[in-house]
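Geometric and topological summary
Take a look at the letters that make up each chain.
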Protein chains: 2
Amino acid sequence: MQLHKPDVVDAAAAILDNYGIADLSMRRLARELNVSPGALYWHFANKQELLGAVADHILRPAVIDVAGLNWRHAIQDICAALRDALLSHTDGAELVSASFAAGQSETVTDIVAQLAAAAADAGARNDDADSTARTLLYYVLGFTVDEQSRRQWDAAGALSDEQSVLMSDTDRQFAFGLRLLIDGLAAHEGATAP
Amino acid sequence: MQLHKPDVVDAAAAILDNYGIADLSMRRLARELNVSPGALYWHFANKQELLGAVADHILRPAVIDVAGLNWRHAIQDICAALRDALLSHTDGAELVSASFAAGQSETVTDIVAQLAAAAADAGARNDDADSTARTLLYYVLGFTVDEQSRRQWDAAGALSDEQSVLMSDTDRQFAFGLRLLIDGLAAHEGATAP
DNA sequence: ACCTGAACACCGTTCAAGT
DNA sequence: ACCTGAACACCGTTCAAGT
């Protein structure tokens, strides 16, 4: 049967979850799909474009509706959904971070636009709203890449009790850094919490 | 003559500046040093460790003395020095970002410690000072990776006038995001500017 | 102690040729 | 239109053997 883009992305996501980003090569992916390496280049211009499609796949659950929320909660919910989506796939943060840097994920652009809208709601002018949105993204990506690599490092020898304590700790740490940015925005724009 | 670590790091930095991170391979580096690829593995355990040494080389001018400065200026100066150091080598931000993620740069750890000390000065308790320091680092790395990749993309067809306008614009954008974090810290800890 | 040579097990990408 | 086969030009790492 024919090879379609969604099949390729699903197979790539499966390799990612089961073996990690280091094993996600074009050749390995082609082997898993019982196809020659060159076949992938009919559907994707290059590896970066394919990884961008995988990034968009990972980010689908991170696109949420924040209509009706005040700007603080909108930012908090978008960032929380983003982090959850990244953490739900092996090396998800690293892959999305790389795809964002390469400008290959449309979804991450949409998310930045959502964050910019929330910043505008907070009273920021256009340029500042954009800077704010990108700063929030840098934070979530940086934090989550770090968190995920530590988790994988600690994967051996972690007691279930200690682990859950550590996890709630990372939740608090994530919220702390995010609050720093939100409070900074409030201070700058003179907005107040409802 | 014998091969010494500093020679290897210097040669690696030269490849980085002249050809970029994509061309900084162990084999290419060995060729440039007129040595067999295996020779490098006598001095460095693996490529990550070597890149960590290059990262430390890049970061040397970013380690500055902030004694006597108030916490706001300390943070501003450290972050500005860090960004300047990253921008002064081709793909410097990307390389240091990767080395930080891999935990292979001692210098970046020192810089985080300096930032944490400044956050403590601002009134943050130990955990919060650490979170603040890491948040600042995520911001500087994320912003500068982005900035540097855009610069390299725009490398063709940029007028010198427009370019300088864009550059001062990125300076302002960098300062804006940084101020967001500093203001957030001030709001959280109730510190005031002198 | 320090390095060579050669091998092992891979990569991403291209492209004529097939169906 | 879609894919194969084979090639091109590379990788990182290891390790017996040399000096």
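Computed from a prediction, not measured in an experiment: that's the story for all the values here.

1. Concerning the protein's contact with DNA strand C
Taken together, 17 residues surround DNA strand C, and among them Arg-27 and Tyr-41 of chain A together with Leu-3, Ser-36 and His-43 of chain B come closest. Here DNA strand C approaches the protein such that, of its atoms within 4 Å, sugar and phosphate make up 59%. One of the side-chain nitrogen or oxygen atoms of Ser-25 of chain A is found 2.9 Å away from a phosphate oxygen of DNA strand C. Elements represented by at least two residues in the surface near DNA strand C include exactly helix H2 (26-32) of chain A together with helix H3 (40-43) of chain B. Broken down by element, the surface near DNA strand C gets its largest block of residues, three residues, from H2 of chain A. Within the surface near DNA strand C, the residues separate by chemical class into six nonpolar, seven polar and four charged.

2. Topic: the protein's contact with DNA strand D
Contacts to DNA strand D come from 17 residues, most closely from Leu-3, Ser-36 and His-43 of chain A together with Arg-27 and Tyr-41 of chain B. Near the protein, meaning within 4 Å, the atoms of DNA strand D are sugar or phosphate in a fraction of 57%, with bases accounting for the rest. In the model, a phosphate oxygen of DNA strand D is placed 2.9 Å from a nitrogen or oxygen of the Met-26 of chain B main chain. Elements with a contribution of two residues or more to the surface near DNA strand D: helix H3 (40-43) of chain A together with helix H2 (26-32) of chain B. At three residues, the largest contribution of residues to the surface near DNA strand D is made by H2 of chain B. When the residues that make up the surface near DNA strand D are grouped by side-chain class, the tally is six nonpolar, seven polar and four charged.

3. Let's talk about the relation of the copies chain B and chain A
Copies of the same chain, two in number, are related to each other by a rotation about an axis and a translation along it. Once chain B is rotated about the relating axis by 180 degrees and shifted along it by 0.0 Å, it coincides with chain A to within an RMSD of 0.0 Å. Between the two chains, the operation in question is that of a two-fold axis. Closest approach to the rotation axis within chain B is made by the C-alpha atom of Gly-184 of chain B, at a distance of 1.9 Å. Most of the interface of chain B is mirrored in chain A: 100% of its interface residues are interface residues there too.

4. Some points on helix H7 (residues 106-121) of chain B
All names here are of chain B. With 16 residues, H7 extends 23 Å from end C-alpha to end C-alpha; this agrees with the ideal 22 Å at 1.5 Å per step. For H7, the set of buried residues is Thr-107, Val-108, Ile-111, Val-112, Leu-115, Ala-116, Ala-118 and Ala-119. For H7, the side-chain oxygen to backbone nitrogen distance between the N-cap and Thr-107 is 3.5 Å, and the N-cap itself is Ser-105. Phi for Gly-123, located one or two positions after H7, is positive at around 110 degrees.

5. Considering the interface of chain B and chain A
Between chain B and chain A, the residue contacts involve 25 residues of the former and 25 residues of the latter. Together, the buried faces of chain B and chain A total about 2200 Å²; carbon and sulfur atoms form 65% of this surface. Taken together, the connections running from chain B to chain A amount to two salt bridges. Ionic pairing is found between Arg-134 of chain B and Asp-146 of chain A, a salt bridge with its closest N-O pair at 3.7 Å. Remark: the boundary between chain B and chain A carries four residue pairs in polar contact (both at pLDDT 80 or more). Counting only elements with at least two residues in the side of chain B that touches chain A, the list comes to helix H6 (92-101), helix H8 (126-153) and helix H9 (160-189) of chain B.

6. Focus on the UniProt feature "domain: HTH tetR-type" (unreviewed entry) in chain A
Taking the numbering used here, the UniProt-annotated feature "domain: HTH tetR-type" (unreviewed entry) corresponds to residues 2-62 of chain A. Secondary structure content for residues 2-62 of chain A is 64% helix and 0% strand, while the C-alpha to C-alpha distance between its ends is 30 Å.

7. Brief notes about the domain arrangement of chain A
All names here are of chain A. What the domain assignment reports for chain A is domain 1 (5-56) and domain 2 (62-189). Taken over C-alpha atoms, the centre of domain 1 sits 26 Å from the centre of domain 2. Tallying the contact residues gives 12 residues for domain 1 and 13 residues for domain 2. A buried area of about 1100 Å², summed over both sides, lies between domain 1 and domain 2, and 57% of it is on carbon and sulfur atoms. Of all residues in domain 1, Asp-17, Ile-21 and Asp-56 bury the most surface against domain 2, accounting for 43% of the area lost on that side. For the pair domain 1 and domain 2, the interface holds zero salt bridges. There are six residue pairs in polar contact (both at pLDDT 80 or more) connecting domain 1 and domain 2. For the side of domain 1 that touches domain 2, the secondary structure elements donating two or more residues are helix H1 (5-19) and helix H4 (47-59).

Calculation criteria
Residues numbered from 1 in each chain as written. Chains lettered and ligands numbered in written order. Predicted model: local features only at pLDDT ≥ 70, side-chain atom pairs only at ≥ 80, totals over all residues. Heavy atoms only, no water. Near = heavy atom within 4 Å. Polar contact = N/O pair within 3.5 Å; in protein donor to acceptor, adjacent residues only side chain to side chain. Helix = DSSP H or I, 4+ residues; strand = E, 2+ residues; numbered from the N terminus. Nonpolar A, V, L, I, M, F, W, Y, C, P; charged D, E, K, R; others polar. Least-squares fit on C-alpha atoms with pLDDT ≥ 70 in both. Contact = heavy atoms within 4.5 Å. Expected span 1.5 Å × (residues − 1). Buried < 20%, exposed > 50% of the residue type's maximum accessible area, 1.4 Å probe, protein only. Buried area = accessible area lost by both parts, 1.4 Å probe. Salt bridge = Lys/Arg side-chain N within 4 Å of Asp/Glu carboxyl O. UniProt positions renumbered as here; feature names shortened; annotations may be inferred. Domains from an automatic or database assignment.

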